[in-house]
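Okay, here's what each chain looks like letter by letter:
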Amino acid sequence: MDDGRLSVQVAQKVLIPLDAAFECGPGELLALTGPSGSGKSTLLRCVAGLERPARGRIACAGRVWLDTRRRVNASPQQRSVGLVFQQYALFPHLTALGNVTAALGHRPRETRNARARELLASVHLAGLEERRPAQLSGGQQQRVAMARALARDPQVLLLDEPFAAVDRVTRQKLHRELAELRRTLAMPIVLVTHDLDEAAMLADRMCILHRGRTLQIGPPHEVMTRPADALVARLVDLRNVFEGVVRGHDAATQRTVLDWHGVTLDAAHAPSFAPGARVAWTIPMSAIVLHRRDRPSRGEHENPVHGTVQECLALGDDTTIGLRVAGARDALLTLRVPTHVARRNGIAVGVPAGASLLAEAIHLMPWRDAVSEGAG
């Protein structure tokens, strides 16, 4: 059934290796993220028809744009795609109005000017129609590029690092504007970004790529707190990735008992891992609670660990603490607390400290030596 969905499956071994697949529904924003060289922009170019993968199938709204087995390969002009590049690629000799009008060739000539003005107004550029790109700020140029992409009446909108070239304040403003604009767009939107915070803020789902391969797709919070394996955990910047052994499961309490090099921990229930299985596990910094030094609290009874502060780095309102945990092969546990909390508790390098690990946030993953080397 045609519901406007974008479906992508591509693979190749030469040039930039690819083995990726994803879908994006109408009205959904999917973020493609991963390290530099992971194939994010290449995938977008494949969707737009600017590159042809060795093998694959790409379809949108019931129309096949690429099917290498059937030798189908629609040209970029035949694909209903709106594309915003990182550097915007505006025509420098045309005004903002002229840039948008240039993408309206499929509409009757007498309607183009009004439609271009309407699109510029939708991206908050009313009154700036006659300015050329050199007379516009970076954020304003990005808005012109967005209006031009929408001028094609596309079935899918592709955004390739569209906020990378602007300052932080402008980027935050553009984030809000995209969030507002997308509520009016009933089409798939695919955003390429290396910024995990940006992906988490804007996307309905995120797709983690590594060396051209799809590793995990899901809601941002799920991917960033329940990674599929230790490699994904590192790619989403989870600092605490360790090795453990499953000791058993308790269905009544919905807990799994984990041995962390001699330290026993209760973890979120993970019955798919057999007792005795070697696993990787992770916990977000936000789920580690620093013990108060003036008086204990009830939370300190949940997976308490103790050790010595090895790292203490204050960055504005937050302080990152590296706690060398006694008994767990001196593994380094990283947590973050408000700076005033660190000061109140006398946190400094070399002082003893305790912390609790919230059981529900301890996530178990398959152990793979190749990607888990160095786990504590």
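For clarity, every value in this text was computed on a predicted model and none was experimentally measured. (Residues numbered from 1 in each chain as written. Predicted model: local features only at pLDDT ≥ 70, side-chain atom pairs only at ≥ 80, totals over all residues. Heavy atoms only, no water.)

(A) The pairing of strand S3 (residues 29-33), seen in detail. Within S3, 5 of the 5 residues are buried, which leaves it mostly tucked inside the rest of the structure. Relative to strand S9 (residues 189-192), S3 is paired through 4 bridges, and the arrangement is parallel. From the neighbouring strand, Leu29 faces S9, where its bridge partner is Ile189. By the bridge criterion, 4 bridges tie S3 to strand S10 (residues 205-210) in an arrangement that is parallel. (Buried < 20%, exposed > 50% of the residue type's maximum accessible area, 1.4 Å probe, protein only. Helix = DSSP H or I, 4+ residues; strand = E, 2+ residues; numbered from the N terminus. Pairing = 2+ DSSP bridges.)

(B) Broad picture of the pairing of strand S11 (residues 213-218). Sheet topology places S10 next to S11; 5 bridges connect them, and they run antiparallel. Bridge assignment links His210 to a residue of S11, and that residue is Arg213. Between S10 and S11, which pair antiparallel in sequence order, lie 2 residues; one of them, Arg211, sits at a positive phi of approximately 55°.

(C) The arrangement of the sheet that holds strand S15 (residues 278-282) in detail. What the 5 strands build is an open sheet, ordered S14-S13-S12-S15-S21; its pairing is antiparallel. Looking at which strands have only one partner, the edges of the open sheet turn out to be strand S14 (263-268) and strand S21 (363-366). Within this sheet the neighbouring strands show an average axis-to-axis angle of 50°, counted without direction. Pairing of strand S12 (residues 241-250) with strand S13 (residues 255-260), which is carried by 5 bridges, proceeds in the antiparallel orientation. Counterpart to Val246 in the pairing with S13 is Leu258. (Axes fitted to C-alpha atoms, helices over the stretch in contact; angles between N-to-C directions.)

(D) Inspection of the packing of helix H4 (residues 138-151) against helix H5 (residues 168-181) at higher detail. Where H4 contacts H5, the axes come no closer than 10 Å and their chain directions differ by 25°. What the angle tells us is that H4 and H5 run roughly parallel. As for how H4 packs across H5, the hand of that crossing is right-handed. Mapping the contact onto sequence places Gly139, Gln142, Arg143, Met146 and Leu150 in H4 and Thr170, Lys173, Leu174, Glu177, Leu178 and Leu181 in H5. Of the residues that constitute the contact of H4 with H5, the class distribution is 5 nonpolar, 3 polar and 3 charged. (Parallel < 35°, antiparallel > 145°, perpendicular 65-115°, else oblique. Left-handed = near helix turned anticlockwise from the far one by under 90°. Contact = heavy atoms within 4.5 Å. Nonpolar A, V, L, I, M, F, W, Y, C, P; charged D, E, K, R; others polar.)

(E) Representation of H4 in the model. With 14 residues, H4 should reach 20 Å at 1.5 Å per residue; the first-to-last C-alpha distance of 20 Å fits that figure. For H4, the tally of buried residues reaches 13 of 14 residues, placing the bulk of the element in the interior. In the stretch just after H4, Asp153 is the one whose phi turns positive, near 50°. (Expected span 1.5 Å × (residues − 1).)

(F) Spatial organisation of the sheet that holds strand S20 (residues 352-357). Pairing is antiparallel across the open sheet formed by 5 strands, whose spatial order is S16-S20-S17-S18-S19. The open sheet has two free edges, formed respectively by strand S16 (288-290) and strand S19 (332-338), since each of these has just one partner strand. The sheet shows a mean angle of 45° between the axes of neighbouring strands, taken without regard to direction. The pairing of strand S18 (residues 318-325) with S19 spans 7 bridges and is antiparallel. Bridged to Thr320 within S19 is Arg336.

Any link to function would need more than the numbers given here.
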